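Inside the fold
The primary structure of each chain is shown beneath.
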Amino acid sequence: MRLNAYLAKSGVASRRGADVLIKSGRVTVNGKTGELNAQVSDKDLILLDGKAIKLQKFRHILLNKPTGTVTTLKDPEGRRTVKDLVDIPERVVPIGRLDYNTTGVLLLTNDGEMANKLMHPRYGVEKVYEAEVEGTITSEILNKLSIGVRLEDGVTAPAKARQLTESRVELIVHEGRNHQVRRMLESVGLPVKKLHRSRYGPILLGGLKPGQWRNLEAVEIKNLTDNG
């Protein structure tokens, strides 16, 4: 297989990211600087920054992220991370982020190509959030959220908003800006008390309890990538 595909399947980067690594001279194959079109196999000695790279089994994990958990692999403040919950031999990384106290669907994988595709705004993967808010939910506010609201980093793309109860609202977005849902709701006078992501693309939590995880099934992975 091509060198960039090998790096992608080793979980170090997407194919495009692998191309950058190769061009920068950080990859060697059997002691020689790697080339973009090089054909390699698992029998070759492939190093990235002097460390051996090996193919690994792809893992696709669904986690019901609990509150009080950081969506990173390490935390300088010593807080609990998603890695503490998903303790497996493979190095998986979160696809996108959820805030410290936001709960719900979080996907983790070592499939760099899939992760980059799902996070890219071009593919517009739906993310569904349920928020418990302060303030009065009105049809005017729902309409504003649906059209798009102005934030400090620009106007949001059109979303889908509907009232669930007197104090709960559902918001479906396609973007992945930092703290986006909280900021959108605060901008229309609905400060968030609790926030939960109930769906990522076609993926639902099912019976997973907070802190529990499972491997995605083959049909779920296909539906997710087809959706993206």
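Use the structure listed above.
In short, a report on the structure. (Residues numbered from 1 in each chain as written. Predicted model: local features only at pLDDT ≥ 70, side-chain atom pairs only at ≥ 80, totals over all residues. Heavy atoms only, no water.)

**Here we look at the sheet that holds strand S2 (residues 32-33)**
Spatial ordering of the open sheet is given by S2-S1-S3-S4, a layout of four strands whose pairing is antiparallel. At either end of the open sheet lies a strand with only one pairing partner, and these are S2 and strand S4 (51-52). (Pairing = 2+ DSSP bridges. Helix = DSSP H or I, 4+ residues; strand = E, 2+ residues; numbered from the N terminus.)

**Observations concerning helix H5 (residues 139-147)**
Taken together, the buried positions of H5 are occupied by Ile141, Leu142 and Leu145. The buried residues of H5 occupy an angular sector of 100° when projected down its axis, which confines them to one face. Of the residues in H5, the exposed ones pointing more than 90 degrees away from the buried face are Ser139, Glu140 and Ile147. Those residues of H5 that are buried lie in contact with strand S11 (160-163), strand S12 (168-173) and helix H6 (180-187). One or two steps after H5, the chain reaches Gly148, where phi turns positive at roughly 125°. (Buried < 20%, exposed > 50% of the residue type's maximum accessible area, 1.4 Å probe, protein only. Arc of directions from axis to C-beta. Contact = heavy atoms within 4.5 Å.)

**A closer look at helix H4 (residues 112-119)**
For H4, the complete set of buried residues consists of Gly112, Met114, Ala115 and Leu118. The buried residues of H4 all sit within an arc of 165° when viewed along its axis, so they share a single face. Its side-chain oxygen at 3.2 Å from the backbone nitrogen of Met114, Asp111 defines the N-terminal cap of H4. (Polar contact = N/O pair within 3.5 Å; in protein donor to acceptor, adjacent residues only side chain to side chain.)

**Re the side chain of Thr102**
Turning to its location among the elements, Thr102 is positioned in the loop between strand S6 (93-94) and strand S7 (103-109). Within the structure, the side chain of Thr102 is placed 3.1 Å from the side chain of Arg182, a separation counted as a polar contact. Beyond its immediate chain neighbours, meaning those up to four positions away, Thr102 contacts Lys65, Pro66, Arg182, Leu195 and His196.

**Things to note about the pairing of strand S13 (residues 192-200)**
As paired elements, S7 and S13 share two bridges and run parallel to each other. Bridge pairing links Gly104 to Arg197 in S13. With seven bridges joining them, strand S8 (residues 127-133) and S13 adopt antiparallel strand pairing. Residue pairing in the sheet places Tyr129 in a bridge with Arg197 of S13. Note that S13 and strand S14 (residues 203-204) share two bridges and pair antiparallel. Across the sheet, the residue bridging to Arg199 is Leu204, located in S14. Here S13 folds back onto S14 in antiparallel fashion, the turn holding two residues, of which Gly201 has a positive phi close to 60°.

Any functional reading would require information that these geometric values do not contain.
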